[in-house]
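Results of the structural survey
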Amino acid sequence: MFLALLVCGLVVALVVIGLFVFGLRRRLIQKAGGTFDCSLRWNVPDEPDPAGKGWVYGVARYSGDEIAWFRVFSYAPRPRRVLERSSIVALERRMPEGEEELALLSDAVIQPCMYEGVRLELAMSEDARTGFMAWLEAAPPGQRVNVA
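Quantities reported herein were computed from a predicted structural model and do not represent experimental measurements.

The rules behind the values
- Residues numbered from 1 in each chain as written.
- Predicted model: local features only at pLDDT ≥ 70, side-chain atom pairs only at ≥ 80, totals over all residues.
- Heavy atoms only, no water.
- Core = buried A, V, L, I, M, F, W, Y, C linked by side-chain atoms within 4.5 Å.
- Buried < 20%, exposed > 50% of the residue type's maximum accessible area, 1.4 Å probe, protein only.
- Helix = DSSP H or I, 4+ residues; strand = E, 2+ residues; numbered from the N terminus.
- Contact = heavy atoms within 4.5 Å.
- Pairing = 2+ DSSP bridges.
- Axes fitted to C-alpha atoms, helices over the stretch in contact; angles between N-to-C directions.

Ranked by internal contacts, the top residues of the largest apolar core, which has 19 residues, are Cys38, Ile88, Leu120, Leu122, Met124 and Phe132. Of all elements in the fold, only strand S4 (66–71), strand S6 (88–90), strand S7 (108–115), strand S8 (118–125) and helix H3 (126–137) reach the threshold of two or more residues within this core. With residues up to four places along the chain from it excluded, the contact list for phenylalanine 132 reads Tyr62, Ile67, Ile88, Gln111, Cys113, Leu122 and Met124.

As structure tokens, then:
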């Protein structure tokens, strides 16, 4: 009986510690500022797939001329993807279709982009998209603006 209670207590403690570490990691990512909720779908075919497959929920953070994208459900301290402003080409935005509406946050709009020959999609709120487009167009003098 004591052994069963000890094992259950350890399992509960590990779950609580795991959740605490998730929260602490997100707090540390957001500490530097310039973050927004952003789902990512990498290497998307030219025709959008309304099945909602491939979306990964994350947090993006502006960092100078880069956007660092972190998976939410990960313990990794480093970003999963780092996108350089000069290599991002924004395409025409679209609204979620079909099952995508269930896979994404309720107020999300989808911003398709090309990044070094790879098509990707970012799903974020309209306010975050406005900030993203302003950041993308605010390249330093002499750099090209990558909005299609």
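Taken in spatial order, the four strands of this open sheet run S1-S3-S4-S5, and their pairing is antiparallel. Bordering the open sheet on either side are strand S1 (35–37) and strand S5 (81–84), each of which pairs with just one other strand. Strand-to-strand, the axes of this sheet are offset by a mean angle of 20°, without reference to chain direction.

So, about the sheet that holds S6. Through backbone hydrogen bonds, the strands of a sheet pair up, either in parallel or in antiparallel fashion. Across the sheet, which stays open at both edges, the four strands sit in the order S2-S8-S7-S6 with antiparallel pairing between neighbours. Strands with a single pairing partner mark the edges of an open sheet, and in this sheet they are strand S2 (39–42) and S6. Pairwise comparison of adjacent strand axes, ignoring direction, gives a mean angle of 30° for this sheet. Taken together, the four bridges between S2 and S8 define a ladder with antiparallel strand orientation. Bridge assignment links leucine 40 to a residue of S8, and that residue is leucine 122. Sitting on the sheet, H3 is in contact with S6, S7 and S8, with an inclination near 130° to S8.

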